[in-house]
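Examining the three-dimensional arrangement
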Amino acid sequence: MLEKKTQQQPEKKRRNKSRFDVSDAANTALFLAAFVGVWQLVFMLGIWPQFLLPSPAMVVTSIANLIADSSLPIGLGVTMLRLAAGFVVSIGIGGVVGLAMVKFPGFGKTMSSFAVGLLTFPSIAWVPFAILLIGFNDFGILFVVVMASVFSVMITTYSSIRNIPPLYLRAANNMGAKGFALFRYVMIPAATPSLILGIRQAWSFAWHALIGAEILITTLYGLGHILSIGKEFVDMGLIIATMVTIFVIGMVFDRIIFRKIEERVRARWGLDQHADSQ
Amino acid sequence: MIASEYKQKRGGSSAMLQVRAVSKAFHYDTTNSPNHAVLNGVSIDIKDGEFVTIVGPSGCGKSTLLNIIAGLDSPDSGSIFVKGERKTSTDPDRIVIFQEGALFPWLTVTENVEFGLKLAGVPKDKRIEKARHFVSMMQLSRFADSYIHQLSGGMKQRVAIARALAMDPDVLLMDEPFAALDVQTRDMLHNHLLQIHEATKKTILFVTHNINEALLLGSRVIVLSPSLGNIRKDIVIDLPRPRDIDSPELVLLKRQILKELEEDFQFARKENTTATREKTAQ
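Residues numbered from 1 in each chain as written. Chains lettered and ligands numbered in written order. Predicted model: local features only at pLDDT ≥ 70, side-chain atom pairs only at ≥ 80, totals over all residues. Heavy atoms only, no water.

**Things to note about the pattern of salt bridges**
Residues and elements named next belong to chain B. Applying the stated criterion to the full structure yields 20 salt bridges over all chains. Across the pair K87 and E85 runs a salt bridge whose closest N-O atoms are separated by 3.8 Å. Across the salt bridge formed by K202 and D168, the nearest N and O atoms sit 2.7 Å from each other. Taken as a pair, K202 in the loop between α5 (183–200) and β9 (203–208) and D168 in the loop between α4 (153–166) and β8 (171–175) lie far apart in primary sequence, 34 residues in all. Each of E85, K87, D91, D93 and R94 takes part in salt bridges that share partners, so that together they form one network. (Salt bridge = Lys/Arg side-chain N within 4 Å of Asp/Glu carboxyl O. Helix = DSSP H or I, 4+ residues; strand = E, 2+ residues; numbered from the N terminus.)

Structure (structure tokens):
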């Protein structure tokens, strides 16, 4: 609702950008302060023993220690590598199958209802299957990540290309765009705004699945692995420190990277102007 | 004589564009009604450099005819020749300017104009130079690097014209290109288009439902009849351009065309009520 409102006033938003940012930052700071304050208060009430609910300061120390002994940077790096690998594989397979679905309408129709069904399938439910079929290793985790996100990529590719305004294709065809040139210079850019939305969703699915898989499929590294270590050794500081890291990564990707790309594409394609004139 | 019936020269090699006995019917598979013949053996010869307007009410098949000529649609029978060569598919020798919305929003004005040249494999510096030339010809230099959504409706259509001209087509096909514009903008673009025709001597086929527009622009006006599915009248207008729509000659012609079309409407209504569409198709 709020997002829609800002989209409808691109001019105003641009003009007040600096002021908006300041108040945004102030709100965020206030929110964080309140959150930490309540946490500290609950800690001081002593409902739970310290080792089960550490104070904010203790978690900060935990994070510092984890960074100092480099287990957090390594875990983060490994997790990111897995995410990148799984995501690349998903986009590759999902993209190719999605294009095949466009090319062969019969297959597309069947596959899309199948893929929609699998879209709602909880990714964690793939874990036992992956463990038995592939084992407790990176490939098992990769499998779960791919299964969680590939169908989203597939459906997005399929629907984005099918929803390209036919006039673009006719005009391009008229100017001599055929085969690969039509695909590369018209279909891909025309589908980009909706492709980005789908890829953002696929990323979020992949991210959820990855942490879940890392907790359940035990390997030596990764954020999920650190979480399960924390559980085994009853180290709440470790657990919360890792959770904060996971939260920050999610924010950075979704709110900053994907949103920036989306905003840029929407502005260039003139999509916000449409919302404005409606 | 300012206006005369155009005599068709069959198989003339001087023709730039030849439409030969083109027929097209639409198939309504939802009802049991017979196929509706939109075009019924239409033949047209257009000479090099001619500016032909096709006018007719909606549903007379004028856009269908244009699409068939462009190769975007295939006829049930009949054929299209450009410079005596038979054409069955799209080709950059016949470029269509659509009513609206056919420009690519992800490209700037210049990039849009460059698009066809890029496909044709024209080297980058050459095509930028060419694109800039047509962008400035359409008085869009100030907006060369703007994106499409930043332009007004009239500017968009100027970009579309620049994009088409950059391809250097043999025939420019215009499918109600100014129908969505306001009157002032349309007048401006009419003059602009006439100047361009004067300067480039391009062969233009311009489809419209607006009789004034057809009379102001065309060196020849073809009236397409929905009931015949064919040409009802083919008029050569020898008046200099820009023309005044209130001049006695044009007023006379307009009245004449309206009368023809009025008969057509009555005919069509009768056809509909007695539901003998099939007869028309034959």
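**Observations regarding a nonpolar patch on the surface**
Residues V244, F247, V248, M251, V252, I256, I257 and I261 of chain A make up a contiguous nonpolar surface patch of roughly 650 Å² in combined accessible area. One can find I257 of chain A in helix α12 (residues 236–269). (Patch = residues over 30% accessible without salt bridge, like charges linked within 9 Å, V, L, I, M, F, W, Y side chains within 5 Å. Areas by Shrake-Rupley, 256 points an atom, 1.4 Å probe, with all protein chains shown as cover.)

**Some remarks on the confidence of the model for chain A**
Residue and element names in this part refer to chain A. Summary statistics for chain A give a mean pLDDT of 88 and a share of 91% for residues scoring 70 or more. Counting interchain partners and residues more than four positions distant, the pLDDT-below-50 stretch residues 1–18 has nine contacts. The model gives residues 274–278 a pLDDT under 50, and that stretch makes three contacts with residues more than four places away or in other chains. (pLDDT = per-residue confidence, 0-100. Contact = heavy atoms within 4.5 Å.)

**Some remarks on the sheet that holds strand β6 (residues 85–87) of chain B**
All names here are of chain B. In space, the four strands of this open sheet follow the order β3-β2-β5-β6, with antiparallel pairing throughout. Each end of this open sheet is capped by a strand with a single partner; those strands are β3 (36–47) and β6. On average, each strand axis in the sheet is tilted by 25 degrees relative to the strand beside it, whichever way the strands run. Examined bridge by bridge, strand β5 (residues 77–82) and β6 share three bridges and lie antiparallel to one another. By the bridge assignment for β6, F81 is matched with R86. Most of the contacts of helix α1 (residues 62–70) go to strand β2 (residues 15–26), to which it runs at about 120 degrees, and overall it touches β2, β3 and β5. (Pairing = 2+ DSSP bridges. Axes fitted to C-alpha atoms, helices over the stretch in contact; angles between N-to-C directions.)

**Description of the pairing of strand β11 (residues 230–237) of chain B**
Residues and elements named next belong to chain B. β11 sits mainly inside the fold: six of its eight residues count as buried. The pairing of strand β10 (residues 220–225) with β11 spans six bridges and is classified as antiparallel. Note that in β11 the partner of R220 across the bridge is V236. Between β10 and β11, which follow one another and run antiparallel, lie four residues, and G229 among them has a positive phi close to 65 degrees. (Buried < 20%, exposed > 50% of the residue type's maximum accessible area, 1.4 Å probe, protein only.)

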